[in-house]
Amino acid sequence: MTTLNDSLKQQECDISLIDVIQRILSASKDISFRLQQGALAGILGATEEENVQGETQKKLDVISNDLLKDALKASPYVYGIASEEEDFAVPGNDGGEYLVTYDPLDGSSNIDINVSVGTIFSIMKTTGNSDLAQDFLQAGTNQVAAGYVLYGPSTILVITTGKGVSMWTLDNRIGEFVLTNDKVQIPAQTKEFAINMSNQRFWAEPVQAYVADLLAGEEGPIGKRFNMRWVAAMVAEVHRILTRGGIFMYPWDGREPSKPGKLRLMYEANPMAMLVEQAGGLCRTDSERMLEVAPTEIHQRVPVFLGSKEEVERAVSYK
Ligand code: F6P
Ligand code: MN
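Identification of the protein as Fructose-1,6-bisphosphatase class 1 from Litoribacillus peritrichatus is taken from an unreviewed UniProt entry. In its Catalytic activity (unreviewed entry) section, UniProt records this for the protein: "beta-D-fructose 1,6-bisphosphate + H2O = beta-D-fructose 6-phosphate + phosphate". According to UniProt, the comment filed for the protein under the heading Pathway (unreviewed entry) is "Carbohydrate biosynthesis."

Q: How do you make sense of the packing of helix H6 (residues 234-244) against helix H7 (residues 265-278) when you look at a structure like this?
A: In helix packing, the relevant descriptors are the interaxial angle and the interaxial distance, both defined with respect to the helix axes. One can describe the packing of H6 onto H7 by two numbers: an axis separation of 11 Å at closest approach and a directional angle of 10°. In terms of orientation, H6 lies roughly parallel with respect to H7. Side by side, H6 and H7 meet where Met 234, Val 235, Val 238 and Leu 242 of the first sit next to Glu 268, Ala 269, Met 272, Leu 275 and Val 276 of the second. In terms of residue class, the contact of H6 with H7 is made up of 8 nonpolar, no polar and 1 charged.

Q: Please clarify how the domain arrangement of the protein should be interpreted in this entry.
A: Where interface size is given, it is often the accessible area lost as the parts come together that is meant. Domain annotation of the protein identifies domain 1 (4-181) and domain 2 (192-317). Centre-to-centre, using C-alpha coordinates, domain 1 lies 24 Å away from domain 2. For the domain 1 and domain 2 pair, buried surface summed over both sides reaches about 2600 Å², with 69% attributable to carbon and sulfur atoms. A per-residue breakdown of the area domain 1 buries against domain 2 is headed by Ile 120, Leu 137 and Tyr 148, which together make up 21% of the total. Joining domain 1 to domain 2, the criterion identifies 0 salt bridges. Linking domain 1 with domain 2 are 12 residue pairs in polar contact (both at pLDDT 80 or more), by the criterion used here. Listing elements by their share of the side of domain 1 that touches domain 2, those giving two or more residues are strand S3 (78-83), strand S5 (98-106), strand S6 (117-125), strand S7 (145-151), strand S8 (155-160) and strand S9 (165-171). Element by element, the count of residues in the side of domain 1 that touches domain 2 is highest for S7, at 6 residues. Residues of the side of domain 1 that touches domain 2, tallied by class, amount to 22 nonpolar, 16 polar and 6 charged.

Q: Explanation requested: the coordination of the manganese ion (ligand 2) in the structure shown.
A: When a metal holds four donors in a tetrahedron, each ideal angle between them is 109.5 degrees; when it holds six in an octahedron, the ideal angles are 90 or 180 degrees. Each protein donor to the manganese ion (ligand 2) is listed here as Asp 103 (OD), Asp 106 (OD) and Glu 268 (OE); together their distances run 2.0 to 2.2 Å. The sequence motif formed by the donor residues of the manganese ion (ligand 2) is D-x2-D-x161-E. Here Asp 106 is found in strand S5, whereas its partner Glu 268 is found in helix H7, with 162 residues between them in sequence. Exposure remark for Asp 106: the relative accessible area of 5% places this residue in the buried category.

Q: Help me understand the sheet that holds strand S17 (residues 304-307) in this model?
A: Remark on secondary structure: sheet strands pair via backbone hydrogen bonds, oriented parallel or antiparallel. Pairing is mixed in the open sheet, where 5 strands are placed in the order S12-S11-S13-S17-S15. Each end of this open sheet is capped by a strand with a single partner; those strands are strand S12 (227-228) and strand S15 (282-284). With 2 bridges joining them, strand S11 (residues 192-194) and strand S13 (residues 247-250) adopt parallel strand pairing. From the neighbouring strand, Ala 194 faces S13, where its bridge partner is Phe 248. Where H6 meets the sheet, its contacts fall on S11, S13 and S17, and the angle it forms with S17 comes to roughly 35°.

Q: Quick question: what am I supposed to make of the pattern of salt bridges here?
A: Where charged atoms from two side chains of opposite charge come close, those side chains can pair. Enumeration over the complete set of coordinates arrives at 16 salt bridges. Its salt-bridge partner being Asp 19, residue Arg 23 comes within 2.8 Å of it at the nearest N-O pair. One end of the pair is Arg 23 and the other is Asp 19, both in helix H2 (residues 15-37) and 4 residues apart, which spans about a single turn. By relative accessible area, which is 19% here, Asp 19 ends up buried. Across the pair Arg 255 and Asp 253 runs a salt bridge, and its minimum N-O distance is 2.8 Å. A network of salt bridges, in which partner residues are shared, links Glu 192, Glu 237, Arg 240 and Arg 244.

Q: So what exactly am I meant to see when it comes to the pairing of S13 here?
A: For a regular strand, side chains alternate in direction, first toward one face of the sheet and then toward the other. Burial along S13 is two-sided: the face carrying Ile 247 and Met 249 and the face carrying Phe 248 and Tyr 250 are both buried. Pairing geometry for S13 and S17, over 4 bridges, is antiparallel. Within the sheet, the bridge partner assigned to Ile 247 lies in S17 and is Gly 307.

Rules of the game
Residues numbered from 1 in each chain as written. Chains lettered and ligands numbered in written order. Predicted model: local features only at pLDDT ≥ 70, side-chain atom pairs only at ≥ 80, totals over all residues. Heavy atoms only, no water. UniProt positions renumbered as here; feature names shortened; annotations may be inferred. Axes fitted to C-alpha atoms, helices over the stretch in contact; angles between N-to-C directions. Helix = DSSP H or I, 4+ residues; strand = E, 2+ residues; numbered from the N terminus. Parallel < 35°, antiparallel > 145°, perpendicular 65-115°, else oblique. Contact = heavy atoms within 4.5 Å. Nonpolar A, V, L, I, M, F, W, Y, C, P; charged D, E, K, R; others polar. Domains from an automatic or database assignment. Buried area = accessible area lost by both parts, 1.4 Å probe. Salt bridge = Lys/Arg side-chain N within 4 Å of Asp/Glu carboxyl O. Polar contact = N/O pair within 3.5 Å; in protein donor to acceptor, adjacent residues only side chain to side chain. Donors = N, O, S within 2.8 Å, 3.2 Å for Na, K, Ca; no water. Buried < 20%, exposed > 50% of the residue type's maximum accessible area, 1.4 Å probe, protein only. Pairing = 2+ DSSP bridges.

Next up, the structure:
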């Protein structure tokens, strides 16, 4: 049986990178266990509630953030951490060389209804910039590894170190991720799209026109009938697309014109972009390749168009 460590060594990852990845995964196994226990673990609902032992409960996205942060801060190889749940970059160890960004529990509104959620992570090297927040502002092309752990009916790790994409299923009997797909490829064409249709009236004109053409089916200019899916957890949408193709969009919309999109560049869009490109797909903003966006702040938002190559090309060709 190929272990994850063997596979990472074959991909020429050094011991320090493997250590960082394994720490993320050990926290994710803990998160997976707590999610499976659900209400029994006292992790549902709002913060500041007391459980039966009289302890203060925290929401699972806060617990997940702390589990990942504690695991990574204990690594001698981690120089800094940035998380959706942390306002500012968190220092790690001075001797460390890696910067880790993560979304500890993506799609967390799904927790209370027992639907899929996930942890997304991205790993880069420090540039040596003495200002930690600035150090993080590197384009996605600098990522040395990226991935997610999907907590669904199975717990699945999907990871890339720039040498293709592999999927690993958590075997709860042994507590290890077991290789279940070593060559993930996204079909170039699709008949499935994902977008939050309730925002339709706020979209910019090109997105309105593209989605209208998708909905027009066989009679429209694209000439095929599309199906639609929306799980409301980016990890689950990307997992579906890595498994059977599709296009996922979270475009800019005019509800809050000051925000360029909903999803975050550094710990949602960039790691997914690396995975999707490594699996033969595309990930773009409305104007450029996601991995080439020059970040200006850690919590920056971006419009996202990702998935099957030919469909993403078509979507962003509307002007
Ligand atoms: O993290 C943001 C997120 O929860 C994504 O996981 C998901 O794709 C999206 O927001 C769902 O957005 P909406 O609330 O518009 O359905
Ligand atoms: Mn998220």
